[in-house]
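Summary of structural features
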Amino acid sequence: MKTIYKKCESLFMDFTLFVYTKKYVVLVLMLLFTAGISTQLKRIEIDTRDEVFFHEDDPALMAYNDFRERFGQDEIFIIALQPENGLDKVFLNTLYQLHQELEETVPLLDDITSLVNGRIVRGEDDALFVEDLFETPPQTDEEVARIKKLIDHFPFYENLLISGDRSTATIIIKALAVKDQPEDDLLEGFAQEEVQAENNADRYLTGLESIEITKTIQSVIGRYQAPGLKVFFTGTPAVVSELQISIKSDLAKIIPLSLLLIIFFLTLLYRRISGVVYPLLIVILSLTATFGFMAMAGIPITLVSQILPSFLLIVGIGDTVHILTIFYREFNKCGDKKEAIINAVGFAGLPVLMTSLTTSCGLFSFTWADMATVAQLGYAAPVGVMLAFIYTIVLLPVFISIFPVQQSSAATAVNHSLIDSLFDWIAMATTRHPFKVTIISGLIIAAAFWSALSVRFSHNISTLFPEDSDIRVATNLLDSVNGGSVMLEVLIDSGRENGLHDPGFLRRMEQSVVAIGDLEVSGIKAGKAWALPDVLKETNRALNEDRQSAYRIPDTQELIAQELLLFESSGSDDLEDFTDSTYQTARISILAPFQDAIRYADYTKKLQEYMGQQFPDASVTLTGKIRIFVQIINNAITSMAKSYSIAIVVITLLMIMMVGRLGIGLMSMVANVAPIICILGLMGINNIPLDLSTMLIGSLVLGIVVDDTIHFLHHFRKAFEETADVEEAVRETLYTTGRALFITSMVLCGGFLIYTVGYLANNVRFGIISGSAIIFALVADFFLVPALLSILYGRKKAI
């Protein structure tokens, strides 16, 4: 093993000498490569749509896409209006004007529904008429009274277009589910079905298009905000669009602030321009190359991958600081920067490579995740880690060769002497009392594990916004007055053409709609459910002199078919929202509150059981946004379990191979896993859930602690070979690697804590947890690893 290490160190030294000598050629080549790949940056996208969490062949996504193809969009933009004086003439005129303006200006519009065009079904002689609630704005109090009477006459309006207490009227906007295709594409589609399937995602609205719709609506309704009228705007696509805008805004604020704080810490710790500029340049260039790769590969920035800049910041800063710290130590001794950088890369290059490979292999395990965004991270993150390594070992010698470097001042030496005194105490305490340190660590880990058991999974993007934000206030308002703002869809396939003409089948649907309205599971209760029987009952009543006793489903199949034909012949296309053209498949739409997906899971399970019992002779499928939310959290749980299990096994095997001993490899994994348990314990104490942002912090923690442990063990091995004394080897390791670990930890902890200034709650939580994770990882490597090494090797024993 010693021979292999020596050969690797020689290779790194020879490589550094070559780069140092050919500095200008190497610099030009690296800059050309970076410039070339950076041209792709304009193609990278931020995408927070729920669909991006799924692989294309995920059954839940396929069912959802099939639903959108057949019935259109289930996601709705909702504008809620609360007039101070209720449904008076002034408000109804304002509502009419707003409805018309939205209809004329909103891009990619499929449908807009409000009280203005609310469905009125009336009969005259043997004819059926389907009309709007008011074709023109009311001019008299009598017209207003007529409109109010009609609202009360049609139950369909309640908790959809008007709240039960009549305080809030809503406008529901649906964008196109499938974008219009050019005529050539439609004709080619008959011969190229496979090609169309591959590009299926391009047919649906993108995140940018949803943002365009959102901004247009906000611009229009902004002109209607006035004393006496409160206007609110929400709906799942509006929430997602606002999230995408907020992520971009937060990243634009947080990353520069993080870099500024890192500059401050690097200046404070190194007190050299080179100690600040070189790490930052290398990190920025490697990040640029990584995001260029993501753009080329079509990998967007998502709610999951937004942690990538921070993660690569850790890797890049860690790589450069480990080599720079040794370089400055060597340079202060010999005064020759060429010799110093060659020795530094020779000494630290192998452990930096080992940490990069270990971290990359661990992250690559994410490619097997059930969640597409996690799998994408499994491709992008390893590339970023290896790019950070390449930029470090190539550009650091180049910068040192080209630019002058000053030797350290007396003040820095004093600081080092204070830090060395701390390291002396740590070496003595951990190696002379290893069992005490291990037992105390074990008790802390056990307490953290107990607290970690209370951590729960969660997915509710509405809670990422501040409680007083417009989007969250509007969402909570709709949930309280109308009972919801997010959709769940139930598709019932009768199995035969015209199966929906069966009165018994329709009555079971009617019973289901009533039962759904009464069903409450885990605090979830639908605010509204509607289906084909609602239209049929309105039609039947209209054709029977508007008698309320006729507000029911007709008794015979022939009469049902006749009334549906009359409704269809009236010119209304409303039936398209309730059934397919062959009357084989029916749709029940459910409006429910915007809640945690974990709670939806119990609700949808109970609903699926009920619908299965109601329709044993039919095929029942649950889809829509709520079903997508449930599947996201299911995929998150399985992805986390699968990815972390693979990562820990792979990293354990790599650690054993790299250190060359089974005992040390297994011991190192104890120290590597301990900080993750502590982080979960911290989350349990503070009631922080495992969501799509926090679930991957464990990978970040594992990356930090594995890197730190490899550096520690590598330098410990070399020191122990020379001294054959554990305490002395630990002390020498702390003087070199320990100082680098301390510097990187302080720099990165401060950089992550900057995330607490973010607008979104997930960024604030990410900053607190990540900053704490770095401290836990540092403590584990400074105290637990030396104690375990002392137990394994004893105070004095040749390795």
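The helix and strand tally for the chain stands at 25 helices and 12 strands. Dimensions of the chain, computed from the C-alpha atoms along their principal axes, are close to 105 × 55 × 50 Å. Among the 799 residues that make up the chain, the fraction classed as buried is 59%. Pairs at least 24 residues apart make up 81% of the contacts formed inside the chain by residues separated by at least 6 positions. Carbon and sulfur atoms form 59% of the exposed surface of the chain, whose accessible area is close to 32,100 Å². In the chain, 60 positive and 90 negative side-chain charges are present, and the distance between their average locations comes to 14 Å.

Consecutive residues of a regular strand have side chains that alternate between opposite faces of the sheet. Burial within strand β5 (residues 169–175) is extensive, with 7 of its 7 residues counted as buried. Here β5 shows no split at all, with Ala169, Ile171, Ile173 and Ala175 on one side and Thr170, Ile172 and Lys174 on the other all buried. Bridge count between strand β1 (residues 77–83) and β5: 5 bridges; the pairing is antiparallel. Bridge pairing links Ile79 to Ile171 in β5. Judged from the 4 bridges that link them, strand β2 (residues 109–113) and β5 form a sheet pairing that is antiparallel. Within the sheet, the bridge partner assigned to Thr113 lies in β5 and is Ile172.

Let us now look at the pattern of salt bridges. As a working rule, side chains carrying opposite charge can pair if their charged atoms are close by. In this structure the tally under the stated criterion is 29 salt bridges. The residue Arg49 makes a salt bridge to Asp47 at a minimum N-O spacing of 2.9 Å. For the pair Arg49 and Asp47, one class covers both residues: buried. Linking Arg456 and Asp596 is a salt bridge whose minimum nitrogen-to-oxygen distance equals 3.3 Å. Of this pair, Arg456 sits in the loop between α15 (434–452) and α16 (470–481) while Asp596 is found in the loop between β11 (585–592) and α20 (597–614), placing the two residues 140 residues apart along the sequence. Among the ionic contacts, a cluster of salt bridges with common partners joins Asp50, Glu51, Arg68, Glu75 and Lys625.

Here the focus is helix α12 (residues 337–364). Maximal helix bending in α12 amounts to about 40°, located at Ala348; proline Pro351 follows within four positions. Across the 28 residues that make up α12, a large majority, 20, are buried.

Here we take up the sheet that holds β2. Taken together, the 4 strands give an open sheet; going across it, the order is β2-β5-β1-β6, and neighbouring strands pair in antiparallel fashion. Lying at the two open borders of the sheet, with one neighbouring strand each, are β2 and β6 (229–234). Ignoring strand direction, the axes of neighbouring strands in this sheet form an average angle of 15°. Sitting on the sheet, helix α8 (residues 207–222) is in contact with β1, β5 and β6, with an inclination near 15° to β1.

What follows concerns a negative patch on the surface. On the surface, a cluster of negative charge is contributed by Glu103, Glu104, Asp110, Asp111, Glu568, Asp573 and Glu576. Take Glu104: its relative accessible area is 66%, and that puts it in the exposed class.

The next subject is helix α9 (residues 236–270). If you check α9, its first and last C-alpha atoms are 49 Å apart, about what 35 residues at 1.5 Å a residue would give, namely 51 Å. Phi for Arg271, located one or two positions after α9, is positive at around 55°.

Right, let's get into the side chain of Gln82. By the secondary structure assignment, Gln82 is in strand β1. Looking at Gln82, its side chain comes within polar contact range of the side chain of Thr168, at 3.0 Å. In this structure, Gln82 is in contact with Ser167, Thr168, Gly228, Leu229, Lys230, Phe232 and Leu477, ignoring residues within four places of it in sequence.

Here the focus is the packing of aromatic side chains. Here the structure, examined in full by the defined rule, presents 22 aromatic pairs. Relative to Phe134, the ring of Tyr96 lies with its centre 6.3 Å away and its plane at 35°, an arrangement referred to as tilted. Pair noted here: Tyr96 is in helix α4 (residues 89–105) and Phe134 is in the loop between β4 (127–132) and α5 (141–153), with a separation of 38 residues, a long-range link. Considered together, Tyr96 and Phe134 belong to a single accessibility category, that of buried residues. Seen in terms of ring centroids, Trp425 and Phe783 are 6.2 Å apart; in terms of plane orientation they differ by 70°. Their pairing is edge-to-face.

To continue, consider the sheet that holds β11. One open sheet holds the 4 strands; their spatial order is β10-β11-β7-β12, and the pairing between them is antiparallel. Where the open sheet ends on each side, the last strands, each with one partner, are β10 (528–530) and β12 (619–623). The sheet shows a mean angle of 15° between the axes of neighbouring strands, direction not considered. With 5 bridges connecting them, strand β7 (residues 486–493) and β12 associate as antiparallel partners. Within β12, the position partnered with Glu489 by the bridge is Thr623. Its contacts with the sheet put helix α17 (residues 503–518) on β7, β10 and β11, and the angle it makes with β11 is roughly 10°. Relative to the sheet, α20 contacts β7, β11 and β12, its axis offset from that of β7 by approximately 25°.

Judged by side-chain polarity, Val25, Val28, Leu29 and Leu32 come together as a nonpolar surface patch covering roughly 390 Å² of accessible area. Mapping Val25 onto the fold places it in helix α2 (residues 23–38).

Cut-off values and rules
Residues numbered from 1 in each chain as written. Predicted model: local features only at pLDDT ≥ 70, side-chain atom pairs only at ≥ 80, totals over all residues. Heavy atoms only, no water. Helix = DSSP H or I, 4+ residues; strand = E, 2+ residues; numbered from the N terminus. Buried < 20%, exposed > 50% of the residue type's maximum accessible area, 1.4 Å probe, protein only. Contact = heavy atoms within 4.5 Å. Areas by Shrake-Rupley, 256 points an atom, 1.4 Å probe, with all protein chains shown as cover. Lys, Arg positive; Asp, Glu negative; His and termini not counted. Charge placed at Lys NZ, Arg CZ, Asp CG, Glu CD. Pairing = 2+ DSSP bridges. Salt bridge = Lys/Arg side-chain N within 4 Å of Asp/Glu carboxyl O. Bend = angle between axes of the 7 residues up to and from the residue. Axes fitted to C-alpha atoms, helices over the stretch in contact; angles between N-to-C directions. Patch = residues over 30% accessible without salt bridge, like charges linked within 9 Å, V, L, I, M, F, W, Y side chains within 5 Å. Expected span 1.5 Å × (residues − 1). Polar contact = N/O pair within 3.5 Å; in protein donor to acceptor, adjacent residues only side chain to side chain. Phe/Tyr/Trp six-rings, centres within 6.5 Å; stacked < 30°, edge-to-face > 60°.

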